[in-house]
Amino acid sequence: MGPGLTGYIIRRLLWAIPVLFILSVVVFWMLRLAPGDPIESRLGKAYTPEAAARLREKYGYTQPIPVQYVKYIKNLLQGDLGVSTRHPDFTAAEIILPKMWVSTQIGFFALLITFALGIPVGVYAALARGTFVDPMVISSWLLLDAIPAFVLVPMAQWLFALKLGWVGLRYEGVYTMNMVVPVLILALPGVAGVARLMRASVIGVMGEDFVRTARAKGLRERTVVVTHITRNALLPMITVIGLSLPGIAAGALFVEQLFGIPGIGRESLEAVTAPDFDVILALVLFSSFLFVMANVLVDVVYAFIDPRVRISSGRG
Amino acid sequence: MAIAESAEYFPPVEMARPRRWRTLRVLARKKIAVAALAYLVVFYGCGLLAPLVAPYDPNEQPRPLTLELRKAGPSGEHWFGTDDLGRDLFSRALYAARTTIIFTLVVLLTGGVFLGLGLGLLAGYRGGWVDTLIMRVGEVLGGIPTLILMLAITASFRTRIDDLRFWLEDHTWLGRSDAESLVRFTIIVLATLPFAWIGSARIVRSQALAIRESTFVLSAEAMGASTWRIVTRHILPGVLPLFIVGLSAGMASIAGAEVALSFLGLGVGPDTPSFGSLISQGAGPYTFQTWPHLLLAGAVPVVLFFYAWNLLGDALVDILEPRTQAPR
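Here the structure is a predicted model, which means the values were calculated and not measured. (Residues numbered from 1 in each chain as written. Chains lettered and ligands numbered in written order. Predicted model: local features only at pLDDT ≥ 70, side-chain atom pairs only at ≥ 80, totals over all residues. Heavy atoms only, no water.)

**Student:** How do you make sense of the overall build of chain A when you look at a structure like this?
**Tutor:** The number of helices and strands found in chain A is 16 helices and 0 strands. Principal-axis analysis of the C-alpha atoms places the extent of chain A at approximately 85 × 60 × 30 Å. Expressed as a percentage of the 316 residues in chain A, the buried residues total 48%. Carbon and sulfur atoms provide 68% of the accessible area of chain A, an area that totals close to 15200 Å². With 27 positive and 20 negative side-chain charges, chain A shows a separation of 8 Å between the mean positions of the two kinds. (Helix = DSSP H or I, 4+ residues; strand = E, 2+ residues; numbered from the N terminus. Buried < 20%, exposed > 50% of the residue type's maximum accessible area, 1.4 Å probe, protein only. Areas by Shrake-Rupley, 256 points an atom, 1.4 Å probe, with all protein chains shown as cover. Lys, Arg positive; Asp, Glu negative; His and termini not counted. Charge placed at Lys NZ, Arg CZ, Asp CG, Glu CD.)

**Student:** Help me understand the confidence of the model for chain A, please; the structure alone is not making it clear to me.
**Tutor:** The predicted coordinates of low-pLDDT regions are not to be read in fine detail. Residue and element names in this part refer to chain A. Per-residue confidence for chain A gives a mean pLDDT of 83, with 91% of residues at or over 70. Per-residue pLDDT, averaged within each element of chain A, yields its smallest value for helix α16 (residues 307-311) (57) and its largest for helix α8 (residues 180-187) (92). Low pLDDT, under 50, characterises residues 311-316; the stretch is placed with 10 contacts to residues that sit more than four places away or in other chains. (pLDDT = per-residue confidence, 0-100. Contact = heavy atoms within 4.5 Å.)

**Student:** What's the story with the packing of helix α9 (residues 191-206) of chain A against helix α11 (residues 221-233) of chain A in this structure? I'm lost.
**Tutor:** Geometry of a packed helix pair, given as the angle between the helix axes and the separation of the axes. All names here are of chain A. Interhelical geometry of α9 versus α11 gives an angle of 130° and a closest axis separation of 8 Å. Comparing the axis directions of α9 and α11 gives the class oblique. Considering how the two elements wind past one another, α9 and α11 form a crossing that is right-handed. Where α9 approaches α11, its residues M198, S201, V202, V205 and M206 are matched on the opposing element by H228, I229, T230, N232 and A233. (Axes fitted to C-alpha atoms, helices over the stretch in contact; angles between N-to-C directions. Parallel < 35°, antiparallel > 145°, perpendicular 65-115°, else oblique. Left-handed = near helix turned anticlockwise from the far one by under 90°.)

**Student:** Sorry if this is basic, but what is going on with the packing of helix α5 (residues 92-127) of chain A against helix α15 (residues 277-305) of chain A here?
**Tutor:** All names here are of chain A. Across the interface, α5 lies against α15 with an axial gap of 9 Å and an inter-helix angle of 50°. When the axis of α5 is compared with that of α15, the two are oblique. Note on packing geometry: the crossing formed by α5 with α15 is right-handed. Here A92, I96 and M100 of α5 come into contact with α15, specifically with D278, V279, A282, L283 and F286.

**Student:** Please clarify how the interface of chain A and chain B should be interpreted in this entry.
**Tutor:** Many analyses report the size of an interface as the accessible area lost when the parts associate. The interface is formed by 52 residues belonging to chain A together with 49 residues belonging to chain B. Each partner contributes to the roughly 4700 Å² buried at the junction of chain A and chain B, and carbon and sulfur atoms together form 77% of this total. At the junction of chain A and chain B, the tally comes to 1 salt bridge. Here R196 of chain A makes a salt bridge to D314 of chain B, at a shortest N to O gap of 2.9 Å. Applying the counting rule to chain A against chain B returns 2 residue pairs in polar contact (both at pLDDT 80 or more). Elements that contribute at least two residues to the side of chain A that touches chain B include exactly α1 (3-33), α6 (133-146), α7 (149-163), α9, α13 (253-259), α14 (264-273) and α15 of chain A. Per-element accounting of the side of chain A that touches chain B gives the leading share, 9 residues, to α6 of chain A. The residue makeup of the side of chain A that touches chain B, split by class, is 36 nonpolar, 10 polar and 6 charged. (Buried area = accessible area lost by both parts, 1.4 Å probe. Salt bridge = Lys/Arg side-chain N within 4 Å of Asp/Glu carboxyl O. Polar contact = N/O pair within 3.5 Å; in protein donor to acceptor, adjacent residues only side chain to side chain. Nonpolar A, V, L, I, M, F, W, Y, C, P; charged D, E, K, R; others polar.)

**Student:** Got a minute to help me understand helix α2 (residues 31-48) of chain B in this structure?
**Tutor:** Residue pairs three or four apart in sequence face the same way in an α-helix, which turns once every 3.6 residues. Residue and element names in this part refer to chain B. Between the first and last C-alpha of α2 there are 26 Å, a value that for 18 residues agrees with the 26 Å anticipated at 1.5 Å per step. Here α2 has its buried residues at A33, A36, L40, F43, Y44 and G47. The arc that holds the buried residues of α2, viewed along the axis, is 95°, so those residues lie on one side. Turned more than 90 degrees off the buried face of α2, the exposed positions are K31 and V41. (Expected span 1.5 Å × (residues − 1). Arc of directions from axis to C-beta.)

**Student:** In this structure, what is going on with the packing of aromatic side chains? I would like to understand it.
**Tutor:** For any pair of aromatic rings, the description rests on two quantities: the centre-to-centre distance and the angle between the ring planes. Considering all chains together, one arrives at 20 aromatic pairs over all chains under this definition. Between F150 of chain A and F254 of chain A, the ring centres sit 4.8 Å apart and the planes meet at 65°, which makes this aromatic pair edge-to-face. In this pair, F150 of chain A is assigned in helix α7 and F254 of chain A in helix α13, connecting sequence segments 104 residues apart. By the burial criterion, F150 of chain A is buried, and F254 of chain A matches it. Measuring from ring centre to ring centre gives 6.1 Å for F43 of chain B and Y44 of chain B, while their planes differ by 70°; the resulting arrangement is edge-to-face. Taken together, Y39, F43, Y44, F275, F305 and F306 of chain B form an aromatic cluster joined through their ring pairs. (Phe/Tyr/Trp six-rings, centres within 6.5 Å; stacked < 30°, edge-to-face > 60°.)

**Student:** Explanation requested: the environment of I203 of chain B in the structure shown.
**Tutor:** Residues and elements named next belong to chain B. With respect to the helices and strands, I203 occurs in helix α9 (residues 198-212). Its relative accessible area of 2% is what places I203 among the buried residues. Taking C-alpha positions, I203 is 9.9 Å from L247, a pair spaced 44 residues apart along the chain.

This is the structure we're talking about:
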């Protein structure tokens, strides 16, 4: 890692501060402009103007918005994400973290399947370029990408649970048979995208001189494809993998909601409809923070793996 | 469902003008793309002409509402069957197509063309901190879970729906239900906009960056052409082809945003048919077991719509990026 790269990473990290700041201001103001709702929904039938006023005072919602914001940021910098208005005994972090862990595990397996399928499919399509197989392969996977989760889930639940009886519909933990269907529904739509990128990458590598050299020196086609073409074509996939990582912590709203999985996607839907200010803010800020970090991480990993990047790291 | 994601793999390609027709010719040779295009023509035709094509009023309920008229399966009278209230699902699907078309058009013009093209050109041509700021904001917006922020925006504006509706009723010629539809529609457009510009802006920017360095831009600058002239006459023509490809690749996710929000009941009002609300009536394994047509009537047309745009976008990317083209 040369000084150029370190400087580049620092610049990237510094840019994250104003961007996260702007985002936090916008989301904060937006949420506060919806007047008094969290208190009303919290109290429900017990709503009286006096009780509402007392709670608003307690949560500090009576203060001017800029004052609230400064207070929020001050707490945030000390690691305090605020409290939930729905579950007054828990802090926002206590609510989010266990659910994020559930989503991360499920999302991790889904991501693994996506890439385990997408990469070979992409290589296969690239090698079959010029025949009808190439467009057919990608196109058929694209169909799965076009079906929204909330359409796929009821159909899969009917087929695998009601008709075939292979799995149950209830959530019984991450490592149970019942999670096979949701993980597949999360994984399969992404295959087309990965395959498409991998295909383009393989085709790019196929034209390189070292591939011609490998063929010219009489290596077996299998060796050329696996060790020369595929290995080099995998390099750009680092970006795709790295940038998908923060997404798995954000969970999958529809799949979690429809399968009853207590993950972060479902939590965010509940937090937004309540609304639960501090939980929503924590969700948005935390996931953008993860994303910025993943971006930087991808750049660093690149520089370690591919020496060519280190030389021309001045971009951005 | 990041709207921006499809934009990642458009490397800057220098486009020459005469290739425009070649693109169409090559496109016509791709059978998949032609099939996709044909479906889209039917979809747009039916959607735009919904009032003429639809056999029934989409909100008309039969009176008296007997048990046989509710959730009836497909028949010669009702091609897609009827829903819980006995309304004709084929007519509702046609009107839902109209909702989708209007929504995508509005978001495309405001988010794609106005914001996407505008910010992309600004970032690419001005460069420097303007460029960095625009692209970093886009990067973060593209990275956070789109749906959650969209939900947050919709939820926080929803409490204002009634205020705005009353205001519109009092100050414009709009009637009660029109005013409410307009307000709800505006809210979901506003919720989609922050994410709709990123993909196209990224494509436009990288193209503009490449073209800015070319000699014809330099000579135009040397001759004292105004910034406006350089951008519109010299940079824009080179940017347009890939910009259009980017738009077509992003169509499915823009339309998907409305469908998802309407599925959650946060989209257009109950009087305006939408694929999202159609699907939500039939979603659920037991409902699907007993009345599969409830889910399929909404799902099939809109899934094919997404699929067609994806296929078309895929074909266009392939044509415009010679590197991945099939040898011939």
